[in-house]
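Understanding the architecture of this molecule
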Amino acid sequence: MIPARSALPGFAIAIAVLIAGLVLALTVGRYPVSLGDLIGVLTAKLGGPRGEISPAVESVIWQVRGPRVMAAMLVGAALAVAGTAFQGLFRNPLVSPDILGASSGAALGAVLGIYLSLGVFAIQAIAFVGGLIAVGIVYMIGTSVRSRDPILVLVLTGVVIGSLFGAGVGLVKYLADPYNQLPAMTFWLLGSLSATGVHDLLPLVGPVAAGTAVLIALRWRMNVMSLPEEEARALGVATGPLRIAIVAAATLVTSASVATAGIIGWVGLVVPHLARSLVGPDFARLLPASAILGGGYLLLIDTLARTLAQVEIPLGILTAVIGTPFFIWLLASVQKNWS
Amino acid sequence: MILEGHQLTIGYQDRIVGTGLDVKLQKGEVLALLGPNGGGKTTLLKTLLGLLTPKAGEVRLDGAVLSARTVRERARLIAYVPQTHVATFAFTVEAVVLMGRTAHGDLFARPTAKDRQVAANMLDRFGIAPLAQRPYTMISGGERQLVLLARALAQEPQFIVLDEPTANLDFGNQGKVMREIRELAASGLGVLFTTHDPNHALRAADRAYLLRGGERLAEGPVQQILTRERLEALYGAPVQMITDATGTAFIPG
């Protein structure tokens, strides 16, 4: 038998992207840090000799850029993992985490929180609840409508409910104070990590780690779940409960990242494809590869957002500029295989 | 061990497809399900697999009601070979066959060395080991059918149910699949398959089950059941029978 194709080169590329993203994100910016200084700061932290590192450099690395780098990595990984899971579950490579209304539900929650002048934690909590409610509604409607193609019904329901929540967002923006609240909402809806501090990391790490762990634990079953429903059941998978578990886990990581960074589209669509081209469609490899690559991808995008212009460019705009041509290319090549 | 449907009413949520159906399949035996399009073949197949719940009557396996078993238990007893289709993701042939081992592990299980060995044996058995690392999306229809057969056998089932295993296959591959079906029965499995070609039933099956409009038209040993008159009644179309020293063949006329 021909030996199995090794996933090592693919993983090596994904890890290289992540390392490049980390180094760039920590060194490049309004206050440039040399590579030598970066290494010095890191070794000092690990108990090495302190050398000649200025406190300003240390503070830039640990206080200013550190939390933002962590958040970018986690949000990128979360969106990529959720996208990978949804694409497999819906047997459709054109699907992304936004599809079940998770993003628009979370968005409505967040703008409501801003409108009611709530604190940061409360806004995150409401965004989170909004995402889960939207997915809950989509799932209930999608599964109670009788159809020969339940997946299509679910996806279409997601689109419709998503646009309803989008209308809700529009209403809240219309009612909002145009001087204090509206800019904050707009800023948040376009996606940004610029305000991320250490205190934002905890509510992000927990849900992302938990959801990702569930998905990775189910990786072998997810291969089977990407087959047509009846085949999966004939192979011995109780598809109903498993689908709920996967949707819940993927929604959890999506909501957590939307609550922290706002709406950052396209990552969940683009990264799973790139990861699939690196390591193949087997979820046992694809999920970790997607997570690594997604972290690196959003780090690079976020560094671009910080440095490309005098003012910060919202993340959602950059990801859309990259994502739209990618999606069109994907549509054009949809008949080819997805290896 | 017997797989049997007892007085089945089959159908979907809002539509009844067939009523009063009795089916019986022993181990080591091949049963062919014949009938016109829309006659209920696939619905009956899925009901016997436990993928559809019967509206009335019950499916029994080894004397116990099929629905009393978990999805996983069922998959270790009955395997399903669906019609070949183009897959969404380009899993390797080996990965597809390995999926046949799903029911032998628990929810979080990863394939064991034994699972990989079983999959490798099945690839060898069907002569598709050289394709093991090829994407399932990049092989021919005939090869795909063999991969799905290998996957079903990797389940190590007692019964195997095939939905039109010869559809979309060229002439040579049709013969190959028929021979494989005979061998499966010879190795002790109970085999149920649907087909549009009475000659395939004649060649590979022990018994035939003729289904028209959701009702059983006839059932019994193929040599007795498959006659020109019955086939004309079954399909509502003229049929010619050609017989020579080597056997009988039907052609639509």
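Residues numbered from 1 in each chain as written. Chains lettered and ligands numbered in written order. Predicted model: local features only at pLDDT ≥ 70, side-chain atom pairs only at ≥ 80, totals over all residues.

1. Things to note about the overall build of chain A
For clarity, the cut-off: Counting from the N terminus, the helices are DSSP H or I runs at least four residues long and the strands are E runs at least two residues long. C-alpha atoms define the radius of gyration in this analysis, and the globule rule sets the expected value at 2.2 Å times the number of residues to the power 0.38. Counting other C-beta atoms within 10 Å of its own, a residue is labelled buried from 20 upward, exposed at 12 or fewer, and partly exposed in the gap between, with every C-beta atom placed from the backbone. Here, residue contact means that the backbone-derived C-beta atoms of the two residues sit within 7 Å.
Counting secondary structure elements, chain A contains 14 helices and zero strands. Going residue by residue from the N terminus, the α and β elements of chain A occur as α-α-α-α-α-α-α-α-α-α-α-α-α-α. Taking 2.2 N^0.38 as the reference for a compact globule, 339 residues should give roughly 20 Å; the C-alpha atoms of chain A span a radius of gyration of 20 Å, in line with that estimate. Viewed in the frame of its principal axes, chain A has a C-alpha envelope of about 65 × 65 × 35 Å. In chain A, which comprises 339 residues, the share counted as buried stands at 49%. Relative to all contacts within chain A whose residues are 6 or more apart in sequence, the contacts with residues 24 or more apart total 77%.

2. Regarding the environment of alanine 210 of chain A
Residue and element names in this part refer to chain A. Position of alanine 210 relative to the elements: it lies in helix 8 (residues 198-217). Overall, the presence of 14 C-beta atoms within 10 Å leaves alanine 210 in the partly exposed class. Between the C-alpha atoms of alanine 210 and leucine 252, which are 42 residues apart in sequence, the distance is 8.5 Å.

3. Some remarks on the packing of helix 4 (residues 113-125) of chain B against helix 5 (residues 141-154) of chain B
Residue and element names in this part refer to chain B. Using the following cut-off: Axis angles are defined between N-to-C directions and span 0 to 180 degrees, where every axis is a line fitted to C-alpha atoms and, for a helix, only to the segment in contact. Orientation labels follow simple angle bins: below 35 degrees gives roughly parallel, above 145 gives roughly antiparallel, 65 to 115 gives roughly perpendicular, and whatever is left gives oblique. What makes a crossing left-handed is the near helix being turned counterclockwise from the far one by less than a right angle; a clockwise turn instead makes it right-handed.
Put simply, helix 4 and helix 5 touch, their axes get as near as 9 Å, and they point 140 degrees apart. Put simply, helix 4 runs oblique to helix 5. Helix 5 is crossed by helix 4, and the crossing has right-handed handedness. When helix 4 is examined against helix 5, the residues Val118, Ala119, Met122, Leu123 and Arg125 are found in contact with a partner set consisting of Ala150, Leu153 and Ala154.

4. A few points about the sheet that holds strand 9 (residues 207-212) of chain B
All names here are of chain B. Applied cut-off: At least two bridges found by DSSP between two strands are what make those strands a pair.
Spatially, the six strands line up as an open sheet ordered 6-7-8-3-9-10, and their pairing is mixed. Each end of this open sheet is capped by a strand with a single partner; those strands are strand 6 (78-81) and strand 10 (215-221). When the angles between neighbouring strand axes are averaged without regard to direction, this sheet yields 15 degrees. Two strands pair when backbone bridges link them, and strand 6 and strand 7 (residues 159-162) are joined in this way by four bridges, in the parallel orientation. Of the residues in strand 7, the one forming a bridge with alanine 79 is isoleucine 160. The strands that helix 1 (residues 41-49) touches are strand 3 (30-34), strand 6, strand 7, strand 8 (190-195) and strand 9; relative to strand 8, the one it contacts most, it runs at about 155 degrees.

5. Considerations on the interface of chain A and chain B
Accessible area lost during the coming together of the parts is what is often quoted as the interface size. To keep it simple, the criterion reads: When residue character is reported, Ala, Val, Leu, Ile, Met, Phe, Trp, Tyr, Cys and Pro are called nonpolar, Asp, Glu, Lys and Arg charged, and the others, Gly included, polar.
In this complex, chain A contributes 28 residues to the contact, which on the side of chain B involves 31 residues. For the side of chain A that touches chain B, the secondary-structure elements that each account for two or more residues are helix 9 (219-225) and helix 10 (229-234) of chain A. Classifying every residue of the side of chain A that touches chain B by side-chain character gives 14 nonpolar, six polar and eight charged.

6. Details of the domain arrangement of chain B
All names here are of chain B. Put simply, the rule reads: Here the bounds of each domain stem from an automatic or database domain assignment.
Segmenting chain B into domains produces domain 1 (1-77 + 159-253) and domain 2 (84-156). Inter-centroid distance (C-alpha atoms) of domain 1 to domain 2 is 25 Å. Opposite the 11 residues of domain 1 that make contact, domain 2 presents 10 residues. Counting only elements with at least two residues in the side of domain 1 that touches domain 2, the list comes to helix 2 (71-75) and helix 6 (171-186). For the side of domain 1 that touches domain 2, the element with the highest residue contribution is helix 6, accounting for three residues. The residue inventory of the side of domain 1 that touches domain 2, partitioned by class, reads five nonpolar, two polar and four charged.

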